[in-house]
Amino acid sequence: MKYKRSLLKLSGEALMGENEFGLHSTRFQQYAEEVKKVVDMGAQVAIVIGGGNIFRGFPRIKEKTINRIEGDYMGMLATVINGIAFQSYLENVGICTCIQTAIRMDEIAEPFGKDRAIHHLERGKVVIFVAGLGNPYFTTDTAAVLRAIEIKADVLLKGTRVDGVYTTDPEKNKYAKKLKNISFDMAYQMGIKVMDQTAFILGNENDLPIIIFDINKKGNFKKVISGEKIGTMVSKKKENYG
């Protein structure tokens, strides 16, 4: 096992499967089983979940019916819904969990605390971080990087529906070339959209490697944790990956 402690970032869009919005039970079950494989190895896993399957503020913002700040808070609450749902699926496959939230809601989750989170991880619990950073204008990608730094994770894993970073959008250009490893500087220059620039800046400044991989392919999460070279690694210095 290469990565003892990891933070897995799941987008809200990943959780809705083929649906246009909402929760997809098959996808939740699949991800819970993937996490269990890793936990059974003895790895420590924290998770940050997005909320785009329930609410995305930007279309409403363009219509000027909901402003950016209100939209961001609604998005944070959407991540709480996803976190509670995923907790149920994880518990159902036999994993002990804890939800920590950046916005206090004591009846639902405990407030975020890095020392407490590390304590849970060391006891074998999966910690789910919800409500982003508790502040508008910050994405859940940025929240994931910051939480990974705070809990001293070995790596941040961005689970997506594509198998890494490409020179152009592979869904639009069949000649797009997959990049096995790039530096954070290259990610800035190329304008990689798979994570926002603030997340990349934080990762670069704190020397946190980020691996972008296809979470929908069964066994991939375990493979990454074990050190297999799948997906794309973004790191401070371009490493020999793949």
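What counts as what
Residues numbered from 1 in each chain as written. Predicted model: local features only at pLDDT ≥ 70, side-chain atom pairs only at ≥ 80, totals over all residues. Heavy atoms only, no water. Helix = DSSP H or I, 4+ residues; strand = E, 2+ residues; numbered from the N terminus. Axes fitted to C-alpha atoms, helices over the stretch in contact; angles between N-to-C directions. Parallel < 35°, antiparallel > 145°, perpendicular 65-115°, else oblique. Left-handed = near helix turned anticlockwise from the far one by under 90°. Contact = heavy atoms within 4.5 Å. Nonpolar A, V, L, I, M, F, W, Y, C, P; charged D, E, K, R; others polar. Pairing = 2+ DSSP bridges. Buried < 20%, exposed > 50% of the residue type's maximum accessible area, 1.4 Å probe, protein only. Core = buried A, V, L, I, M, F, W, Y, C linked by side-chain atoms within 4.5 Å.

1. Thoughts on the environment of G231
For step 1, the next point in the chain: Along the polypeptide, G231 turns up in the loop between helix 9 (220-226) and strand 11 (232-235).
For step 2, the next point in the chain: As a C-alpha pair, G231 and K180 span 51 residues in sequence and 6.5 Å in three-dimensional space.

2. What to know about the packing of helix 2 (residues 25-40) against helix 4 (residues 68-92)
For step 1, the next point in the chain: One can describe the packing of helix 2 onto helix 4 by two numbers: an axis separation of 9 Å at closest approach and a directional angle of 60 degrees. It follows from the interaxial angle that helix 2 and helix 4 lie oblique. Taken as a pair, helix 2 and helix 4 cross one another with a handedness that is right-handed. Contact residues: S25, F28, Q29, Y31, A32 and V35 in helix 2; N82, A85, F86, Y89, L90 and N92 in helix 4.
For step 2, the next point in the chain: Split into classes, the residues belonging to the contact of helix 2 with helix 4 amount to eight nonpolar, four polar and no charged.

3. Describing the sheet that holds strand 2 (residues 44-49)
For step 1, the next point in the chain: Spatially, nine strands are ordered 4-3-5-2-1-6-10-11-9 in an open sheet, and the strand pairing comes out mixed. Of all the strands in the sheet, the pair left with one neighbour each is strand 4 (110-111) and strand 9 (181-183).
For step 2, the next point in the chain: As paired elements, strand 2 and strand 5 (residues 126-130) share three bridges and run parallel to each other. Following the sheet pairing, A46 is matched in strand 5 by V127.
For step 3, the next point in the chain: Strand contacts of helix 4: strand 1 (5-10), strand 2, strand 3 (97-101) and strand 5, with the helix running at about 165 degrees to strand 5, the strand carrying the most contacts.
For step 4, the next point in the chain: Packing of helix 6 (residues 140-150) onto the sheet brings it into contact with strand 1, strand 2, strand 5, strand 6 (155-160) and strand 10 (210-214), and relative to strand 1 it is tilted by some 175 degrees.

4. What about the pairing of strand 3?
For step 1, the next point in the chain: By the criterion of burial, strand 3 is predominantly enclosed, with five of the five residues buried.
For step 2, the next point in the chain: Across five bridges, the pairing between strand 3 and strand 5 is parallel. In the strand pairing of strand 5, I99 is matched with I128.
For step 3, the next point in the chain: With two bridges connecting them, strand 3 and strand 4 associate as parallel partners. Bridging from a neighbouring strand, T101 pairs with P111 of strand 4.

5. As for the nonpolar core
For step 1, the next point in the chain: Grouped together as the largest cluster of nonpolar side chains are 39 residues, with contacts concentrated most on V35, I47, F86 and F221.
For step 2, the next point in the chain: In contact with I47, not counting residues within four places along its chain, are L8, L10, V35, F86, L90, V126, V127, I128 and F129.
For step 3, the next point in the chain: One finds A144, F184, A199 and L202 within the second-largest nonpolar core, a separate group that totals 28 residues.

6. Points about the packing of helix 6 against helix 8 (residues 197-205)
For step 1, the next point in the chain: The N-to-C vectors of helix 6 and helix 8 enclose an angle of 15 degrees; their axes lie 7 Å apart at closest approach. Classified by the angle between their axes, helix 6 and helix 8 sit roughly parallel to one another. When the axes of helix 6 and helix 8 are compared, the crossing they make is left-handed. Contacts between helix 6 and helix 8 involve D141, T142, V145, L146 and I149 from the first element and T198, A199, L202 and G203 from the second.
For step 2, the next point in the chain: A per-class count over the contact of helix 6 with helix 8 returns five nonpolar, three polar and one charged.

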